[in-house]
Amino acid sequence: MTQATEHLEAARYLEQAVELAVRNVAEGGGPFGALVVTADGRVHEGVNRVTRDNDPTAHAEVVAIRAAATATANFDLHGAVLYASCEPCPLCLASALWARIDRVHFAADRHGAAAAGFDDALFYDYFSGTRPELMPVTRDDIPTSAAPFKAWDAFEGKTEY
């Protein structure tokens, strides 16, 4: 695929993601939409369902990733591309990484989202290590800390990921 063809394809899918986001607002959801296009060319949609489902993880990108994984019956989405109406937040980027998505394209950026009241700058600060007080995370070693991993190592029916 040439770079020009890839750009046209990305623009087409990004327009669809933006349309999903606008429609979701009209239906009472957040202003975010996303598509996962799997290696076989199928398109899986997601819209922000945080307030609708009372699920803080139901970001459009995560919903689209869940839809793609369910439809393909595979948690490994290698070969897929994520198209988002807005720059993915750290949660969504981590989800795309865990799903083994190959590439991400987005339309609006985090600054546009912040101007609309969706400011995740603190999360970026947290992950960069400059704001650890936002949510202290502490390791508390207990005698059985390693038990789940020992069980995993011993389990012959495990599915690697």
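Within any chain, residue numbers begin from 1 and follow the written order of that chain's sequence. Local features in this predicted model are restricted to residues whose pLDDT is 70 or higher, and side-chain atom pairs enter the listing and the counts only when it is 80 or higher, whereas totals over whole chains, interfaces and linings include all residues. With hydrogens and water stripped out, all remaining heavy atoms of the structure feed into the side-chain values.

Identification of the protein as Cytosine/adenosine deaminase from Arthrobacter nitrophenolicus is taken from an unreviewed UniProt entry.

Considering the pairing of strand 2 (residues 43-47)
Here strand 1 (residues 33-37) pairs with strand 2 via five bridges, running antiparallel. The partner of Leu35 across the bridge, within strand 2, is Glu45. By this definition, two strands are paired if DSSP reports at least two bridges between them. Helix and strand definitions follow DSSP, with helices as H or I runs of at least four residues and strands as E runs of at least two, each counted in order from the N terminus. Connecting the antiparallel pair strand 1 and strand 2 is a turn made up of five residues, with Gly41 showing a positive phi of about 90°.

Let's talk about the packing of helix 3 (residues 60-72) against helix 4 (residues 90-98)
Between N-to-C directions, angles cover 0 to 180 degrees, with each direction set by a line fitted to C-alpha atoms, over the stretch in contact for helices. Close contact between helix 3 and helix 4 brings their axes to 8 Å; oriented N to C, the two are set at 20°. The orientation of helix 3 relative to helix 4 falls into the category roughly parallel. Taken as a pair, helix 3 and helix 4 cross one another with a handedness that is left-handed. Where helix 3 abuts helix 4, its residues Glu61, Val62 and Ile65 lie against Leu91, Cys92, Ser95 and Ala96. Put simply, Ala, Val, Leu, Ile, Met, Phe, Trp, Tyr, Cys and Pro go in the nonpolar bin, Asp, Glu, Lys and Arg in the charged bin, and everything else, Gly too, in the polar bin. Classifying every residue of the contact of helix 3 with helix 4 by side-chain character gives five nonpolar, one polar and one charged. Orientation is classified from the angle alone, with under 35 degrees giving roughly parallel, over 145 giving roughly antiparallel, 65 to 115 giving roughly perpendicular, and any other angle giving oblique. By definition, turning the near helix anticlockwise from the far helix through less than a right angle yields a left-handed crossing, and turning it clockwise yields a right-handed one. The criterion used for residue contact is that any of the two residues' heavy atoms lie within 4.5 Å.

Regarding the sheet that holds strand 2
An order of 2-1-3-4 is seen for the four strands of this open sheet, with the pairing classed as mixed. The two strands at the open ends of the sheet, each matched to only one other strand, are strand 2 and strand 4 (103-108). Neighbour-to-neighbour, the strand axes of this sheet turn through a mean angle of 15°, independent of strand direction. Pairing geometry for strand 1 and strand 3 (residues 81-86), over four bridges, is antiparallel. Looking at strand 3, one finds that Val36 is bridged to Leu82.

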